[in-house]
Amino acid sequence: MSPDKTVAQVIAAALLRHGVRTIFSQSLPSAVLLAAEDLGIRQFTYRTENAGTAMADGFARVSGQVAVVTAQNGPAATLLVPGLAEAIKSSIPIVALVQDVNRPTTDRNAFQEFDHFGLFQSCAKWVRRVTEPDRMEDYVDMAFAIAASGRPGPAVLLLPADLLNERVTSPGRRQARLGAFPLDRMLADPARISAAAELIAAARHPLLVAGGGIHLSNASAELAALQEAAHLPVMTTVMGKGAVDERHPLSLGVGGYNLGRMSPGRHLRPLIEQSDLVFFVGTRTAQNGTDSWSLFPPSARYIHLDVDPAEIGRNYEGLRLVGDAKLTLPALTERLRGRCQPRPEFAQAIAAARDRNAGEIAPLLHSEASPIRPERLMADLQQVLTPDTLVVADASYSTVWVACYLSALAPGMRFITPRGLAGLGWGLPMALGARVARPASPILCITGDGGFAHVWSELETSLRMRAPVVLTVLNNGVLGYQKDAEDVKFGRHTSACYFAPVDHAQIARACGCRGVTIARPADYLPAVREALAVKETTVIDVLTDPQAYPPVALFDERLEAVRRATGK
């Protein structure tokens, strides 16, 4: 690099060095984006900053690369907060480049000036404002290193606009490539790995619970090898879904709060509750994944493997394995090799529970009712899935339908859901980010009409940026989770839970995308197959049953009792 580069050019060159080929942005900071485009870095331009951050999140989850999102100071910066908050809770590495006011105008009420430190401190691992041109490369590298190391998460660089045009006297000093994660892998303490092997080998009813950390570590193959070598039953959280092949005889599927009535895993709960050893891997042991911390027996012994020492023992005290799953699981597998005998009774019990569940839910999966049952839609979607398919679900009921009624076909198959904060509206933009990360994979996105309303505008982004996805809108005219939760908690619900009718297919066509309305169950699967074949963004607006709700354990019996009492 010649000595006459601007700070903006230095930033662009550093991004390129870290492997960045796409920036999620809207042309600001302009000096940086112009320099980046000069180097061949693509600008994937969102319509709103909150959606752009969700795109960056989806890209990072699928690609294994640190994502970059940019924004203007002030109101644009504030719109990054929801997506960064999801990312810090879900451990997703994002570097946010935020333009700030000129240095001489700081604290003078410059146009759109805001306290960005205060804004981002709760939703980022690290926030810095760069004021010295010659330090810019240092700070870019620090941002990437912090985002990608330890427990991944967002890092924010505040860039005064006047700084970006200044000259750097000695650019190009740094050579490191820090764009992939996990940046640094650490093996857990070997003595504790041996202790964990002793506990697993001695357990009569062990259970491994895999969270999203398996995907962040890219450790699905290592988990599958441990499952085979130690003959371990494996359950996943929603974020861990796809960590193992859910058709495996020792797979319990997704557990947690979604083991209620008509769940495909309902009758597996007694097998979970009899566990005498629970091995958590890459999970925060959060409320939903543990059914409000009621699912696992207090009499069991616990092992917890995680890169974040603060998460180990937060809710379940046990043997601490602080380390990376991709390194630590093989070491544990080696210590267990030949020590664990097959447990045919486990597989038999799981198979029996699966058969019982399948019999109970079969009428829903094959329902011909209109409005359409979401369970029927999931059964149809299962027919088009391949191990390479990316399934993205919006928050709320969409996530639960996908987690319960779709099955992972191979270790490492990806189901992308916003579970850190679970905000509505992140489904479509996450799917667009996933499309950038994996251009050749089929991408199916499921969202409710409530969530889709947050991001209709990003259909234009999908068309303009040539990022096709197949989007199913579960159009039931209500905020389903809100309405049903209010009924369970208060015996009634507010008027805010209902929507006016919306033709989402017409919205899609107005944006230049394909739009299809489905009112009969038999028409859905052909519409999905056609959408996948044409490889254009397609909105499939499905008129679904507003009374349908997924198997959330909290709702068992209570919701039906309220409906009988109120007639609603």
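To start, this report covers the structure provided alongside it.

**Let's talk about the overall build of the protein**
- Broken down by element type, the protein carries 22 helices and 18 strands.
- Along the first, second and third principal axes, the C-alpha set of the protein runs to 70 × 60 × 45 Å.
- Every one of the 568 residues in the protein was classed for burial, and the buried ones make up 59%.
- Long-range contacts, defined here as pairs at least 24 residues apart, represent 76% of the contacts in the protein between residues at least 6 apart.

**Some points on the packing of helix α14 (residues 374-382) against helix α21 (residues 524-534)**
- Packing of α14 against α21 brings their axes to within 9 Å, and their N-to-C directions diverge by 45°. It follows that α14 is oblique to α21 by the angle criterion. Seen along the crossing, α14 lies across α21 with a hand that is right-handed. Along the contact surface, α14 presents Leu 377, Asp 380 and Leu 381, while α21 presents Tyr 524, Leu 525 and Val 528.
- A per-class count over the contact of α14 with α21 returns 5 nonpolar, no polar and 1 charged.

**A short note on helix α15 (residues 397-405)**
- Among the 9 residues that make up α15, 9 are buried, leaving the element largely enclosed by the rest of the structure.
- Buried residues of α15: Tyr 397, Ser 398, Thr 399, Val 400, Trp 401, Val 402, Ala 403, Cys 404 and Tyr 405, and no others.

**What about the packing of aromatic side chains?**
- One pass over the structure, following the stated rule, counts 14 aromatic pairs.
- Measuring from centroid to centroid gives 6.0 Å for Trp 401 and Tyr 405, while their planes differ by 35°, and the two rings are tilted. In this pair, Trp 401 and Tyr 405 both sit in helix α15, 4 residues apart, roughly one turn of the helix.
- For Trp 401, a relative accessible area of 2% translates into the label buried.
- Taken together, Tyr 397, Trp 401, Tyr 405, Tyr 481, Tyr 549 and Phe 555 form an aromatic cluster joined through their ring pairs.
- Cation over ring: Lys 241 sits above Phe 415, and NZ or CZ is 4.9 Å from the ring centre.

**Details of the packing of helix α1 (residues 7-17) against helix α7 (residues 136-148)**
- Following both chains from N to C, one finds α1 and α7 inclined at 35°, their axes separated by 9 Å at the closest point. Crossing geometry of α1 relative to α7 is assigned as right-handed. Residues Val 7, Val 10, Ile 11, Ala 14, Leu 15 and Arg 17 of α1 lie in contact with α7, whose contacting residues are Met 136, Glu 137, Val 140, Asp 141 and Phe 144.
- Considered class by class, the residues forming the contact of α1 with α7 number 8 nonpolar, no polar and 3 charged.

Quick notes on the rules
- Residues numbered from 1 in each chain as written.
- Predicted model: local features only at pLDDT ≥ 70, side-chain atom pairs only at ≥ 80, totals over all residues.
- Heavy atoms only, no water.
- Helix = DSSP H or I, 4+ residues; strand = E, 2+ residues; numbered from the N terminus.
- Buried < 20%, exposed > 50% of the residue type's maximum accessible area, 1.4 Å probe, protein only.
- Contact = heavy atoms within 4.5 Å.
- Axes fitted to C-alpha atoms, helices over the stretch in contact; angles between N-to-C directions.
- Parallel < 35°, antiparallel > 145°, perpendicular 65-115°, else oblique.
- Left-handed = near helix turned anticlockwise from the far one by under 90°.
- Nonpolar A, V, L, I, M, F, W, Y, C, P; charged D, E, K, R; others polar.
- Phe/Tyr/Trp six-rings, centres within 6.5 Å; stacked < 30°, edge-to-face > 60°.
- Lys NZ or Arg CZ within 6 Å of the ring centre and 35° of its normal.

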